[in-house]
Amino acid sequence: MTQKYTILFDLDGTLVDTAPDLMGAHNHVMKKYGFPTKSTEEIRNLVGQGAGALIGRSIWGQAKKEYQSVTDQEIKDKMSKDFVEYYGRNIINQSTLINGVKEFLKWCKEKNISMAVCTNKQELLAIDLLKKIGIYNYFEYVAGSDTFDYCKPDPRHITNIIEILGGDIKKSLMIGDSETDANAAKAASVPVILLENGYTEKNSNEIYHNHLIKDFIGVEKIVSTYLKD
């Protein structure tokens, strides 16, 4: 009998190119609060650690003087709340699946591989996006930034999902696009398949990985090397 294997997927920049819709929400909030807007490429470099981190990293350093009268945490909370509300209403306007995703997910199902999403997106937003873009039913579990008391790069975000699925760390794999994914997987002793040109400021060669891919075309060959009786 073929062993039960587990694959965990990041969401933004890994399964779905969400940058255009994230940019729309980000720029909506920036205009509302009087901060500079950003391009889609700039947004790609800021995504990965949740809405609060995205907003914080965007305005910190370039707009410090403009909100000295308001505490950082207060303005970050307000902006994050507005961001999530706007993004939730416009979550799939321009977002698209990464090339080859659906075919790969179908292949994994045929191979009896357990699949789950491990994202720093809020759980409800992640589930909503997965449903609206048509791939939610491939996954046995979806864990967001607020599912547990910790999230990536904390390795428990990964190990807890594997435990919930009844999986085995030694029979698991992480697919992601940033150092947040890679560092969590490395700390959990799980191999990493990294998508190049991910949602990160770092180059792919600066991020830990076992395999580097440009999209999901042909990834079955890599995963097959881990599937042993």
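Preceding this section is the structure that the text describes.
If you're wondering where the values come from, they're calculated on a predicted model, not measured in any experiment.

What counts and how
Residues numbered from 1 in each chain as written. Predicted model: local features only at pLDDT ≥ 70, side-chain atom pairs only at ≥ 80, totals over all residues. Heavy atoms only, no water. Pairing = 2+ DSSP bridges. Helix = DSSP H or I, 4+ residues; strand = E, 2+ residues; numbered from the N terminus. Axes fitted to C-alpha atoms, helices over the stretch in contact; angles between N-to-C directions. Polar contact = N/O pair within 3.5 Å; in protein donor to acceptor, adjacent residues only side chain to side chain. Contact = heavy atoms within 4.5 Å. Phe/Tyr/Trp six-rings, centres within 6.5 Å; stacked < 30°, edge-to-face > 60°. Buried < 20%, exposed > 50% of the residue type's maximum accessible area, 1.4 Å probe, protein only. Arc of directions from axis to C-beta.

Novice: Before we go on, may I ask you to explain the sheet that holds strand 7 (residues 192-195) in this structure?
Specialist: In a beta sheet, neighbouring strands pair by backbone hydrogen bonds and run either parallel or antiparallel. Overall, parallel pairing links the six strands, which are arranged 5-4-1-6-7-8 in an open sheet. Two strands close off the open sheet at either side, each with one partner strand: strand 5 (141-143) and strand 8 (211-213). Pairwise comparison of adjacent strand axes, ignoring direction, gives a mean angle of 20° for this sheet. Bridge count for strand 1 (residues 6-9) against strand 4 (residues 114-118) is four bridges, and the pairing is parallel. The residue of strand 4 that forms the bridge with Ile7 is Met115.

Novice: Looking at this structure, how should I read the side chain of Ser114?
Specialist: Within the secondary structure, Ser114 sits in strand 4. Here the side chain of Ser114 touches Lys4 through a polar contact of 3.4 Å, side chain to side chain. In contact with Ser114, other than residues within four places in its own chain, are Lys4, Tyr5, Thr6, Ile7, Glu140 and Leu165.

Novice: What exactly am I supposed to notice about the packing of aromatic side chains here?
Specialist: According to the stated counting rule, one finds eight aromatic pairs in the structure shown. Geometrically, the ring pair formed by Phe9 and Phe216 is tilted, given 6.4 Å between the ring centres and 35° between the ring planes. Remark: Phe216 occurs in the loop between strand 8 and helix 9 (219-224) and Phe9 occurs in strand 1; sequence separation between them is 207 residues. By the burial criterion, Phe9 is buried, and Phe216 matches it. In this structure an aromatic cluster arises from ring pairing among Phe9, Phe104, Trp107, Phe139 and Phe216.

Novice: Which parts of the structure should I look at to understand helix 5 (residues 101-110)?
Specialist: Owing to its 3.6 residues per turn, the α-helix aligns residues three or four sequence positions apart on the same side. Taken together, the buried positions of helix 5 are occupied by Val101, Phe104, Leu105, Trp107 and Cys108. Around the axis of helix 5, the buried residues are gathered within 160° of arc, so they sit on the same side. Pointing more than 90 degrees away from the buried face of helix 5 are the exposed residues Glu103 and Glu110. Note on helix 5: the residue one or two positions beyond its end, Asn112, has a positive phi of about 60°.

Novice: What should I look at first to understand helix 7 (residues 156-164) in this one?
Specialist: Of all the residues in helix 7, the buried ones are His157, Ile158, Ile161 and Ile162. Along the long axis of helix 7, the arc covered by the buried residues comes to 130°, so they all point the same way. Looking at the buried side of helix 7, the elements it contacts are strand 1, strand 4, strand 5, strand 6 (172-176) and helix 8 (179-187). Gly166 occupies a position one or two residues after helix 7 and carries a positive phi of about 75°.

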